[in-house]
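Structural overview
Each chain, written out:
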Amino acid sequence: MLNPEVVSKYMDDLGSLLLKLGISGKPKQIWNCNETGRSFEHSPVRVIAEKSSRNVLGRTSNNRTNVTMTACINAAGQKMSPMLIVKGKTSVSVHGFNTEAAPPGSKWAWQENGWMNDKLGEQCFRDVFLKECGSARSQLLLLDEHSSHESFAILQLASENDVQIMCLPPHTTHILQPLDRTVFGPFSAEYNKACSAFITLSTNTASPG
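Rules used throughout
Residues numbered from 1 in each chain as written. Predicted model: local features only at pLDDT ≥ 70, side-chain atom pairs only at ≥ 80, totals over all residues. Heavy atoms only, no water. Helix = DSSP H or I, 4+ residues; strand = E, 2+ residues; numbered from the N terminus. Expected span 1.5 Å × (residues − 1). Contact = heavy atoms within 4.5 Å. Polar contact = N/O pair within 3.5 Å; in protein donor to acceptor, adjacent residues only side chain to side chain. Buried < 20%, exposed > 50% of the residue type's maximum accessible area, 1.4 Å probe, protein only. Pairing = 2+ DSSP bridges. 1 Å grid on protein atoms, 1.4 Å probe; cavity = no way out; pocket = protein on both sides within 12 Å on 5 of 7 lines; lining within 4 Å. Points joined across faces, edges and corners; volume = space filled by probe spheres on them. Nonpolar A, V, L, I, M, F, W, Y, C, P; charged D, E, K, R; others polar. Phe/Tyr/Trp six-rings, centres within 6.5 Å; stacked < 30°, edge-to-face > 60°.

The chain has the name Tigger transposable element-derived protein 1 in an unreviewed UniProt entry, where Mizuhopecten yessoensis is given as its organism.

Right, here's the structure in full:
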């Protein structure tokens, strides 16, 4: 799907929509929202070893707990409060996390697998996006085609609040989605560095990997 014809059509459609909404020169009203998952069993960073060493072990946590993070940024570089989704069936699931150390304004939620679903997608749109996008209208929100982004409840709320939702072409988000290109990649690298540094100081919690 990532070919010149698809990308060109998407860019043309995006440009036309920005002109139609009157926000082509208003980056604070152009948003991108998406999720990324992080496991406590991270990817160890490179380590220094003797030249010609064939087997160099890194250390990772043996805890495979997964947390899903929903992030939202605009074309002006501003960000909204993240939503963090942990694995569990009740609010007790959140008690094992140091919620006070999370970014200010973080919203915490739980789901059986620690994943985003339609209900949480609606909650995030209503309690985070609509409350933090500002009073200016119209607003444009770029999303991928995950089902939790296109529920009837979200589309209805968007229509009622003069928020236009535009979906990225399928199988192109690794190149076209702003969050994937500018936030999640660097975040993943820094997350792995932080985990490796922590485990280096806390070797009793780690296992060779």
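Here the narrative resumes, following the displayed structure.
Here we take up helix α1 (residues 4-21). Here α1 spans 26 Å end to end across 18 residues, near enough to the 26 Å set by a 1.5 Å rise per residue. Looking at the buried positions of α1, the neighbouring elements they touch are β1 (30-39), β6 (139-143), β7 (163-167) and α4 (173-176). Where α1 starts, the residue carrying a side-chain oxygen 3.1 Å from the main-chain nitrogen of E5 turns out to be N3. One or two residues past the end of α1 sits G22, with phi positive at roughly 75°.

Next up on the list: the pairing of β1. Taking burial as the measure, the ten residues of β1 include eight buried ones, the bulk of the element. By the bridge criterion, three bridges tie β1 to β6 in an arrangement that is parallel. Bridge pairing in β6 places W31 opposite L141. Relative to strand β3 (residues 66-74), β1 is paired through nine bridges, and the arrangement is antiparallel. Note that in β3 the partner of G37 across the bridge is T68.

Turning our attention to empty space enclosed by the protein. Gaps left between atoms show up when a probe the size of a water molecule is rolled over them. Taken as a whole, this structure holds one cavity of 30 Å³ or more when the rule is applied. Space inside the largest cavity adds up to approximately 150 Å³. C33, G121, C124, F125 and L143 are the residues nearest the centre of the largest cavity, which is lined by 18 residues in total. Where the lining of the largest cavity is concerned, the elements lending two or more residues are β1, β3, α2 (118-132) and β6. Of the residues forming the lining of the largest cavity, the biggest block, five residues, is contributed by α2. By residue class, the composition of the lining of the largest cavity is twelve nonpolar, five polar and one charged.

Once that is clear, we can look at the packing of aromatic side chains. All chains considered together, the criterion is met by four aromatic pairs. Ring centres 5.8 Å apart and planes at 45° place the aromatic pair F97 and W108 in the tilted group. Placement of F97 in the loop between β4 (83-87) and β5 (107-111) and of W108 in strand β5 is noted, with a sequence separation of eleven residues between them. Note on W108: relative accessible area 22%, which makes it partly exposed. Ring-pair connections join several aromatic residues into one group, and the members of that group are W31, F125 and F129.

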